[in-house]
Amino acid sequence: WASVFTTLTIVCNWNLLLHHDSLSRPQWFDVMTTFGNYSVASIKMPNLGCEIVYPAGCMVAGSGRIIRHGLDLVDDDQMAWVWYMKDDVHQFMDV
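Just so you know, these numbers come straight off a predicted model, no measurement behind them.

On the basis of which strands lie adjacent, the open sheet formed by four strands has the order β2-β7-β4-β5 and antiparallel pairing. The open sheet has two edge strands with one neighbour each: β2 (16-19) and β5 (50-53). Taken over all neighbouring pairs, the strand axes of this sheet differ in orientation by 15 degrees on average, direction set aside. Here β2 runs beside strand β7 (residues 69-71); their pairing, made up of two bridges, is antiparallel. Each bridged residue has a counterpart across the sheet, and for Leu 16 the counterpart in β7 is Leu 71.

Where strand β4 (residues 42-45) meets β5, four bridges bridge the pair, whose relative direction is antiparallel. Bridge assignment links Ser 42 to a residue of β5, and that residue is Val 53. Between the end of β4 and the start of β5, which pair antiparallel, lie four residues, with Gly 49 showing a positive phi angle near 75 degrees. Sheet topology note: the β4/β7 ladder contains two bridges and is antiparallel. Paired with Lys 44 across the strands is Gly 70, a residue of β7.

With that settled, the discussion passes to the nonpolar core. Met 32, Ala 41, Ile 43, Tyr 54 and Leu 71 are the most contacted members of the largest nonpolar core, which totals 14 residues. The element contributing the most residues to this core is strand β8 (residues 77-84), with three residues. Apart from the residues within four sequence positions on either side, Ile 43 is in contact with Met 32, Cys 50, Glu 51, Ile 52, Tyr 54, Gly 70 and Leu 71.

Turning next to the packing of aromatic side chains. For the structure on display, the rule yields two aromatic pairs. Between Phe 35 and Trp 81, the aromatic rings sit 6.4 Å apart at their centres with planes inclined by 80 degrees, giving edge-to-face as the arrangement. Taken as a pair, Phe 35 in strand β3 (residues 30-37) and Trp 81 in strand β8 lie far apart in primary sequence, 46 residues in all. On the basis of relative accessibility, which here comes to 37%, the residue Phe 35 falls in the partly exposed class. By relative accessible area, Trp 81 is classed as partly exposed at 27%. Three or more aromatic residues joined by ring pairs form one cluster here, namely Phe 35, Trp 81 and Trp 83.

Here the focus is the side chain of Ser 42. Inspection of the secondary structure assignment puts Ser 42 in strand β4. Every residue in contact with Ser 42, bar those within four places of it in the chain, is listed here: Glu 51, Ile 52, Tyr 54, Gly 70, Leu 71 and Asp 72.

Attention shifts here to the sheet that holds strand β6 (residues 59-62). Taken in spatial order, the four strands line up as β1-β8-β3-β6 in an open sheet, and their pairing is antiparallel. Of all strands in the sheet, those bounded by a partner on one side alone are β1 (7-12) and β6. Between one strand axis and the next, the sheet turns by 15 degrees as a mean value, whatever way the strands run. Two strands pair when backbone bridges link them, and β1 and β8 are joined in this way by six bridges, in the antiparallel orientation. Bridge pairing in β8 links Cys 12 to Met 79.

Procedures and definitions
Note on numbering: residues in each chain are counted from 1, in written sequence order. Where local features are concerned, this predicted model is filtered to residues with pLDDT of at least 70; where side-chain atom pairs are given and counted, the filter is 80 or more; whole-chain, interface and lining totals use all residues. Values reported for side chains reflect all heavy atoms of the structure, with hydrogen atoms and water molecules removed beforehand. Think of it this way: DSSP has to see at least two bridges between two strands before they count as a pair. Secondary structure elements follow DSSP: runs of H or I of four or more residues count as helices, runs of E of two or more count as strands, with numbering from the N terminus. To define axes, lines are fitted to C-alpha atoms, for helices over the stretch in contact only, and angles between the resulting N-to-C directions are given on a 0 to 180 degree scale. What we call a nonpolar core is a set of buried Ala, Val, Leu, Ile, Met, Phe, Trp, Tyr and Cys residues that are connected through their side-chain atoms within 4.5 Å. Each residue is assigned to one of three classes by its accessible area relative to the maximum for its type, calculated with a 1.4 Å probe on protein chains only: buried under 20%, partly exposed between the two thresholds, exposed over 50%. In this analysis, two residues are considered to be in contact whenever any of their non-hydrogen atoms come within 4.5 Å of each other. Working definition: a ring pair exists when centres of Phe, Tyr or Trp rings (six-membered ring for Trp) sit within 6.5 Å. Plane angles under 30 degrees give stacked, over 60 give edge-to-face, the rest tilted.

Note that all results are geometric; they support no functional claim without further evidence.
Below, the structure written as structure tokens:
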């Protein structure tokens, strides 16, 4: 499948510490999706002042460069599937 995103990261059973995506541009959105056999997790976005319940199969989109974000590890099996763009890939491909 064709995609506008240049990078896919798959994270299994790890905490995603609070971070900014420094290699992205502010106007680009990331799409984060969770899968797995777990009850409830939460995604934190402290510069927006919120923590959102993040059940399996839920998607969140936003600027990873602007929004500081992180995901708590849960006790059961959890996978996060994150699509995003990196400017250095565009520069390398001359697009």
